[in-house]
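Chain by chain, the residues run as shown.
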Amino acid sequence: MSLFRLTRRTVMAAATSFLALGAATLPASAQTPPGVLIVGQIAEPKSLDPAAVTAVNDFRILVNLYEGLVRYKPGTLEVEPQLATGWEISEDGTEYTFTLREGVTFHDGTPFNAEAVKFNFDRMLDESHPFHDTGPFPLAFFFSSVEKTEVVDDMTVKFTLSAPYAPFLSNLAYPTGLMVSPAAVEAGGADFGRSPVGTGPFTFAEWRSNEAVVIEKNADYWGEPAGTEAVVFRPITDANTRVAEMLAGGIDMMVEVPPTALGQFQGESFNVVEQAGPHVWFLILNAKEGPFADKAVRQAANYAINKEAIVNDVLEGTAEVAAGPTPPAFAWAYNEDLDPYPYDPEKAKDLLAQAGAEGAELTFFVTEGGSGMLDPIPMGTAIQADLNAVGFDVSIETYEWNTFLGEVNPGLEGKADMAEMAWMTNDPDTLPYLALRTDAWPDKGGFNSGYYSNPEVDALLEEARTATDQETRAELYKQMQEIVQEDAPWVFVANWKQNAVTSDRVEGFELEPSFLLQLSSVVKN
Amino acid sequence: MGAYIVKRLISAIPVLFGITVIVFLIMAMIPGDPATAILGSYATPENVEKLNRDLGLDKPMVQRYFIWLGNMLTGDFGRSFSLNRPVLDEILERFSATLILAGVSFVLCSLLGILAGVVSAARQYGFADKAITFTVLIGISVPSFFLGMMMILLFAVKLRWLPVSGMYAIYGGGDLPDLIYHLIMPALALAAVATGVVARLSRSAMLEVLRQDYIRTARAKGVPEGRVIYGHALRAAMVSIIPVLGIQAGFVLSGAVYIEMVFQWPGIGRMLVDAILKRDILLVQGGVVFVAGCYVLFNIAVDVAQGLLDPRIKT
C-alpha cells in the first residue's frame, strides 16, 4: 500500500516538473553567440601536447595554440618561416642553423628562445632528458636524423643531422614540430597535455572532457591578432549527429562531412569548402607471387577499374582520380605530364590474355574504415565488380581497421594478392620512401607490403632525400612517378578532397592542403 | 535478512573475479594492439615494438594480468593512453552521466509502464486497452537508436525545440534546467522499449491477480473500484513486476550505449565504444569491470527488494 501511494505521487510530481522545466527552457534557441566559433570535431582529442599525438583531429586544435619554427605557406605545402625568421643549410646538407624571431613569448610569459627550441627536441629525442617521460612520442622518428640540437646564441639554434635529409624542413612544419613552453612542461609533467602552453594566436582556456575544448584570443600575440574572441571544439563522434547539429545551428563549422550528407548543405545559409590534400588511396598489389608478379597483369588491373565511377558515384565527387603515387597537392614535386590509367576493359582483357592470366583467382583485403580510407567497403565492392568483368575472380576478405593494419603491414605474402590502403603525408618523400623502395620491404621495417622492387626507383629516392635543392628534388620525384606509374605496383585510385561546411555567419575560412585547420583569420558574426 | 545480504555479497566475489579474467583475455586476444592503433599508417614493426615497450605491453600476459588485478585491488585502475588521464577518474565522470540518463529512463519506464499496464488490465478489451496495446507494440518494435535519430530530425532540426546532442549547453549552461532540456529526448528514446515491456508484463500480472477470489471478495464487500485496483490488486501484482523492473534496469543501462552514441551523451557506453576502437586496453578493462560490478550489486538489490515485498520468498 505505502509503496504505491509513493509511486502515484512520484508520477505526478516527476511528470509535472519534467514538463514544466522543459517548457520553461524551450525558448532558449540553438543560436551560437557572435565572436565565438563552434567547431564540430570528429573525436575527443587525446592530448594537447603536440609531441604526443598523431591524429589530424588533434592537430586541428594544436595549430591554433602553438607555432613551429616553420609552417606551410597558406594554400600550399611549401615551407615558410614562422617562429624562425630564416635559416641556413650547410653545403653537405647536415647542418641547419635557424635565426629565431625576437620578442616572442609563450602564453605563460616565458620567452621563446634557442634554449626553448633545444628543450623541445631533446625532450622528444633524448631518452635521458628529465622530461622524456612525459611521452611516449609516437612520431619522434620524424626527427630521428637529428643528432644534436645546439644553442649557438640566445636567438640562434643549430641542428646537426646524421645524414643529409631533405624532408627535415617539412617535418618541422608538421604539428609534431610545434614548440611547447619548457616552463609549462616542467610544471605540468605528464599532465601538460591537458593544460597546454604555446605561442600561437589563441591561448588555452578549458577542456571539459567529452564536451568541449575552449581556446581564447591571445591579446599579446606577436602577429596579426585572431578574428574571433574564442573557438570551441566540440567532439561529436557520430557523423549523423554532427550533420544534425550543423543543420540545427548548434555548431558553426564541421569538417569531414560524409559525402552523402553534402546535399543537405546546398543553399544560402551554408558554405561548403573543398580542398585537395596530400592524400592518395590505392591498392597494394602483391608483386612477389601470384598473378600480380607479372607487370602486364598489374597494368591490366589499372585499366580494368573505373576510377571515374568510384570518385563520382561512390564518393559523390569528394575525391579526384589519382594518376600516380604522388598526390597533386605536392604541386612542386608533382609530374603534370602523367595521365591516369584510362578505364579500358578491352585493353585489360588483351593484357590478361597475353599474360595467360584469365580467370586468375585473387584474394582482396578490404577494411571497414580507418584514417583516410574514405568509404572502403563500397569502393572495394565496385573494384571487385570491375575486375571480375575483365576476367579476374576476386574474393573479398573484410577486416576492422586495426586488425587490417596488423594483416597488411607485415606483408601480403601467402595471404592476399591485393589490399586497400591510403596515406596522408607532409612531404613527397614520405610515402614512396616508406612504401616503394626495396629496402622498405616489411622484413626491413618498411611498408612496402606488395614487395615492389626497382633499383632505379631506389636510387632516385635516395638521391632526392639527400639533395637540399628543391628543384633538383622535384626533378627526381617526377622521374620516380613516371617509372612507378609504368611499373604499376599499385592501382592508383583516388586523391581525397577534404571538405568542410560553415554557416553563413562565418567569414574568411579556407581549408589548407595540409588538412590542418588555421582559424586565426576566421571571423564569426 | 542481514545474513542473507552478506551471503549474496560474498557470492558476488567469484563472479567479479571471473569477469576480470574474461575481459582481460578478450582484450588480449582481439587482433590489433594499441601501438598499431596509435601509429596508424606509421606502424612499422620497429615503431610498434618501441611504443608497446613504452606502454608496458611487452611483458608476458599472465604477469600483466596480475599487475593489473593487484593495482585494481588497491584502487589504481591505471592510466588511459588514449585520453592520457587516470582510468578511474574517467570512469567515475562518465558513469555519473550514464547514471543520470539511465536513472531517469528507468523511472520513466517504470512509472509509465506500470500505469499503462494497470489501466489496460482494468479496462480489458476496452478502447483504452487496445490503444495502449497498440502503442506499446510500436514502442517495443522500433529500435531505440532509430527512434532517437527520428526525434532529432523532428524536434531539433525541423522544429528546433530541443538541442540535438550533448549534456549541457556549450555556453551559459550547466544548471539543472539546462540538463533537463538536454535530457528529454535521450531519456524518452531510451525508455521507449523498456516502457513497452513493463507495460505488457504489468498488464498480464494484473489480469492474473484480478481473477483471484480475494479481489471478488473485496468488490463484494463494497470496496471502491479504484482501491481494489490500486490498493489490493497492484500491490499483489508488484511481486511479479519488480523482477521485470530489475531486468529492465540492466536493459536501460546497456541500451544507453546506442543512445549515448546518437545523442553524444558523455556516458560510459560511448566511452567503452571509443576505447575498444582505440584498443585502449586499461580503459576497456576498467570500464567493463566497473559496470559489471554495478550490475551485480543491482541484481542483489532487486532480489533483496523482492524478498522484502513477498514474505513467501525465503531468504
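- Taking an unreviewed UniProt entry as the reference, chain B is identified by name as Glutathione ABC transporter permease belonging to Marinibacterium profundimaris.
- The UniProt entry for chain B carries this comment under Sequence similarities (unreviewed entry): "Belongs to the binding-protein-dependent transport system permease family."
- Taken from UniProt, the Subcellular location (unreviewed entry) comment for chain B reads in full: "Cell membrane".

- Under an unreviewed UniProt entry, the name given to chain A is Peptide ABC transporter substrate-binding protein, and the source organism is Marinibacterium profundimaris.
- Here chain A is described in UniProt, under the heading Sequence similarities (unreviewed entry), as follows: "Belongs to the bacterial solute-binding protein 5 family."
- Regarding chain A, the UniProt comment filed under Subcellular location (unreviewed entry) reads as follows: "Periplasm".

## Examining the overall build of chain B
Right, so step 1: Scanning chain B for helices and strands turns up 12 helices and two strands.
Right, so step 2: Along its sequence from the N terminus, chain B presents helices and strands in the succession α-α-α-α-β-β-α-α-α-α-α-α-α-α.
Right, so step 3: Each of the three principal axes of chain B carries a C-alpha extent, and together these read 85 × 55 × 35 Å.
Right, so step 4: Counting the 315 residues in chain B, one finds 41% classified as buried.
Right, so step 5: Within chain B, residue pairs in contact and separated by at least 24 positions form 71% of the contacts whose partners lie at least 6 positions apart.

## Here we look at the domain arrangement of chain B
Residue and element names in this part refer to chain B.
Right, so step 1: In terms of domains, chain B is made up of domain 1 (11-87) and domain 2 (97-309).
Right, so step 2: One C-alpha centre belongs to domain 1, the other to domain 2, and the line joining them spans 35 Å.
Right, so step 3: Taken together, the 20 residues of domain 1 in the interface contact 16 residues of domain 2.
Right, so step 4: Breaking the side of domain 1 that touches domain 2 down by element, the ones donating at least two residues are α1 (2-29), α2 (34-39) and β1 (79-80).
Right, so step 5: Broken down by element, the side of domain 1 that touches domain 2 gets its largest block of residues, eight residues, from α1.
Right, so step 6: When the residues that make up the side of domain 1 that touches domain 2 are grouped by side-chain class, the tally is 13 nonpolar, five polar and two charged.

## Some remarks on the sheet that holds strand β7 (residues 156-161) of chain A
Residue and element names in this part refer to chain A.
Right, so step 1: Across the sheet, four strands lie side by side as β4-β5-β7-β6; this open sheet has antiparallel pairing. At either end of the open sheet lies a strand with only one pairing partner, and these are β4 (84-89) and β6 (146-153). Each strand of the sheet is rotated relative to its neighbour by a mean of 20°, with strand direction disregarded.
Right, so step 2: Across five bridges, the pairing between strand β5 (residues 95-100) and β7 is antiparallel. Of the residues in β7, the one forming a bridge with Thr97 is Lys158.
Right, so step 3: Across the sheet, helix α3 (residues 114-125) lies against β5, β6 and β7, angled at about 165° from β6, the strand it touches most.

## Some remarks on the interface of chain A and chain B
Right, so step 1: Chain A puts 53 residues into the contact, and the matching count from chain B is 55 residues.
Right, so step 2: With 11 residues, the single largest contributor to the side of chain A that touches chain B is helix α1 (residues 2-25) of chain A.
Right, so step 3: Residues of the side of chain A that touches chain B, tallied by class, amount to 26 nonpolar, 22 polar and five charged.

## So, unusual backbone geometry
Right, so step 1: Phi is positive for Phe515(A), which is not a glycine, with a value near 70°.
Right, so step 2: Among the structural elements, Phe515(A) can be located in the loop between β19 (506-507) and β20 (523-524).
Right, so step 3: Under the C-beta neighbour-count criterion, Phe515(A) is labelled buried, with 21 such atoms within 10 Å.
Right, so step 4: Its identity is not glycine, yet Gln264(B) carries a phi of approximately 50°, on the positive side.
Right, so step 5: Looking at the element boundaries, Gln264(B) is found in the loop between α10 (225-263) and α11 (268-277).
Right, so step 6: Here Gln264(B) falls in the buried class, since 24 other C-beta atoms lie within 10 Å of it.

Basis of the calculations
Throughout, residues of each chain are indexed from 1 in the direction in which the sequence is written. To read the labels, note that chains go from A and ligands from 1, taken in the order they are written. For this predicted model, a pLDDT threshold of at least 70 governs which residues receive local features, and a threshold of 80 or more governs which side-chain atom pairs are given and counted, while totals over whole chains, interfaces and linings are taken from all residues. UniProt positions are given in the numbering used here, feature names are shortened, and annotations may be inferred rather than shown by experiment. Strands here mean DSSP runs of E at least two residues long; helices mean DSSP runs of H or I at least four residues long; both are numbered from the N terminus. Burial is judged by counting other C-beta atoms within 10 Å of a residue's own C-beta: 20 or more means buried, 12 or fewer means exposed, and anything between counts as partly exposed, with every C-beta placed from the backbone. A residue pair is marked as a contact if its C-beta atoms, positioned from the backbone, fall within 7 Å. Domain extents, as shown, originate in an automatic or database domain assignment. Under this grouping Gly is polar, as are all residues other than the nonpolar Ala, Val, Leu, Ile, Met, Phe, Trp, Tyr, Cys and Pro and the charged Asp, Glu, Lys and Arg. Any two strands with at least two DSSP bridges between them are considered paired. Geometry is summarised by axes, namely lines fitted to C-alpha atoms with helices restricted to the contacting stretch, and by angles between N-to-C directions that run from 0 to 180 degrees.

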